[in-house]
Structures are given as structure tokens and as C-alpha cells.
Amino acid sequence: MRKVTFGGACSLDNLFTGPDEAMDWLRWSDDAAKVTAESWKGVDAILMGRKTFEFAMKSGGGGGGASSKFRTYVFSRTLESVPEGAELVREDAAGFVRRMKESGPSAGLGAGDIIVMGGGELGSALIEAGVVDEIGLNIHPLLLGAGTALFHPMERRIELELIEARPIAHGCVLVRYRVLN
């Protein structure tokens, strides 16, 4: 079965972006590059909600392009279309991801692992639905005070098991958790 991972860089106060979607606080390093490269091994699908997709498009990415080795799925009920290289998904995200996890290559949904990108709305919904296997975070040593929340409110408690925790460059800490329920 395909592995689904949710995560990214966040502040110590659990924010993905600062006020006005600011990302100027990110502390990129060779360590972060190595962690990122390792995280993407075996991945062939990227999942994004509408807000993350729109942010990615403003930043010059988001669609993957027709020649990309990643299939990009954008979950939205309001977008009319997405550029070539991305696929718009209007159905229930948890049900779609469940099918992706269980599908083989013949289903046309890929066979590699899956990364959930960006803001916490889609990630939290998928975690709560039980389709996320792992959460990986690069925690930065600062408090942003306001911005995009890492996790949105959930109806139930989610138990996690620590897989890895280690310091990386610039005072950041990499943490990875297995989702147990």
C-alpha cells in the first residue's frame, strides 16, 4: 500500500506561514535540502488544497507541468480548472486518497508514495480520516504569532509514534511521527 506523508516546515507556534502568507522566515540549509530529497524518494503524487495551490501558483509553481515526474492533485470545489500537469479533484478528499493508497498502477492513480503539501486544512482532514501514515516537520526556532495554522481543529484525538527527532542546521529540529489511528 502507498504511504501518505503530511508535513513541511513550521514555526514553533505551529504555523506554516506568517502574517500575509510570509515565508521569509524559512531557514534553508544543506541539512534541509538532504531531508527534503530523502522525503521525496519514491513519491509520485502531490496533493494540495486550493489555498496551497493558489499560493504555489503565485510563487511560480503548483502545476508540475506535463513533463513532471509527479502527478499533482488539487482538491477544490470552487476552482474551475487547473493548468496542464495538475488534476482537479472535486470529490471527497479522504475517499479519493483511500483509493489512491489501495490502487495499483493499472488504476491510473500512480504507484509511488504520496505527499500532502501545504496548509493544514487538507492535511488535518486526511489525518482525521485515517489516510495519512506519517507526519514530518522541520520545526524552526521562532514564534510567528499569526499565519496559516499547521493543524485545523479535529473531532477526535490522533495518536502518534515518534520515528525520528534530530537537530538540523540553524537551530531547526526534524521530527517524524507515524500516525497510529
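Summarised in this report is the structure supplied together with it.

What counts and how
- Residues numbered from 1 in each chain as written.
- Predicted model: local features only at pLDDT ≥ 70, side-chain atom pairs only at ≥ 80, totals over all residues.
- Heavy atoms only, no water.
- Helix = DSSP H or I, 4+ residues; strand = E, 2+ residues; numbered from the N terminus.
- Rg over C-alpha atoms; globule rule 2.2 N^0.38 Å.
- Polar contact = N/O pair within 3.5 Å; in protein donor to acceptor, adjacent residues only side chain to side chain.
- Pairing = 2+ DSSP bridges.
- Core = buried A, V, L, I, M, F, W, Y, C linked by side-chain atoms within 4.5 Å.
- Buried < 20%, exposed > 50% of the residue type's maximum accessible area, 1.4 Å probe, protein only.
- Contact = heavy atoms within 4.5 Å.
- Salt bridge = Lys/Arg side-chain N within 4 Å of Asp/Glu carboxyl O.
- Disulfide = S-S within 2.5 Å.
- Phe/Tyr/Trp six-rings, centres within 6.5 Å; stacked < 30°, edge-to-face > 60°.

### Quick look at the overall build of the protein
Per the secondary structure count, the protein includes four helices and 10 strands. Shown N-terminal to C-terminal, the secondary structure of the protein runs as helices and strands in the order β-β-α-β-α-β-β-α-β-α-β-β-β-β. Expected size for 181 residues packed as a compact globule is a radius of gyration near 16 Å; at 16 Å, the protein falls within 12% of this value. Taken along the three principal axes of its C-alpha coordinates, the protein extends 45 × 35 × 35 Å.

### Remarks on the side chain of S76
Along the chain, S76 falls in the loop between β4 (71-75) and β5 (86-89). Looking at S76, its side chain comes within polar contact range of the main-chain nitrogen of L79, at 2.9 Å.

### Re the pairing of strand β6 (residues 113-116)
Relative to β6, strand β1 (residues 4-11) runs parallel, the two sharing three bridges. Among the inter-strand pairings, F6 is bridged to a residue of β6, identified as V116. In terms of strand pairing, strand β3 (residues 43-49) meets β6 through four bridges, oriented parallel. Each bridged residue has a counterpart across the sheet, and for A45 the counterpart in β6 is I114.

### A few points about the nonpolar core
Formed by 27 residues in total, the largest nonpolar core has its most connected members in F6, L47, Y73, F75, L126 and V132. Secondary structure elements with two or more residues in this core: β1, β3, β4, α3 (93-102), β6, α4 (120-128), β7 (134-140) and β10 (173-179). With five residues, α3 is the largest single contributor of residues to this core. Setting aside residues up to four positions removed in sequence, V132 forms contacts with V4, F6, G123, L126, I127 and V179. Formed by 11 residues, the second largest nonpolar core is a distinct cluster that contains M48, F53, F70 and A86.

### Examining the pattern of salt bridges
In this structure the tally under the stated criterion is 12 salt bridges. Two residues, E38 and K41, come together in a salt bridge whose shortest N-O distance is 3.1 Å. Close ionic contact of E54 with R50 constitutes a salt bridge, the shortest N to O distance being 2.7 Å. On the criterion of helical spacing, the pair formed by E54 and R50 is a turn pair, its members being four residues apart in helix α2 (residues 50-58). Judged by relative accessible area, which is 33%, E54 ranks as partly exposed. Taking the relative accessible area as the measure of exposure, R50 reaches 27% and is therefore partly exposed. When salt bridges with common partners are traced through the structure, they connect K3, E134, E164, R166 and R176 into a single cluster.

### Some words on the state of the cysteines
Scanning all chains against the criterion turns up zero disulfides. C10 forms no disulfide, and the closest cysteine sulfur to it belongs to C172, at a distance of 9.5 Å.

### Some thoughts on the packing of aromatic side chains
Counted according to the given criterion, the structure contains five aromatic pairs. Ring centres 5.9 Å apart and planes at 55° place the aromatic pair F6 and F151 in the tilted group. With F6 in strand β1 and F151 in the loop between β8 (148-149) and β9 (160-167), this residue pair connects regions lying 145 residues apart in the sequence. Exposure remark for F6: the relative accessible area of 0% places this residue in the buried category. Judged by its relative accessible area of 32%, F151 is partly exposed.

### Here we look at helix α1 (residues 30-40)
Two or three places before D31, at the start of α1, stands the capping residue S29, its side-chain oxygen 3.3 Å from that residue's backbone nitrogen. Of the residues one or two after α1, G42 is the one with positive phi, at around 80°.

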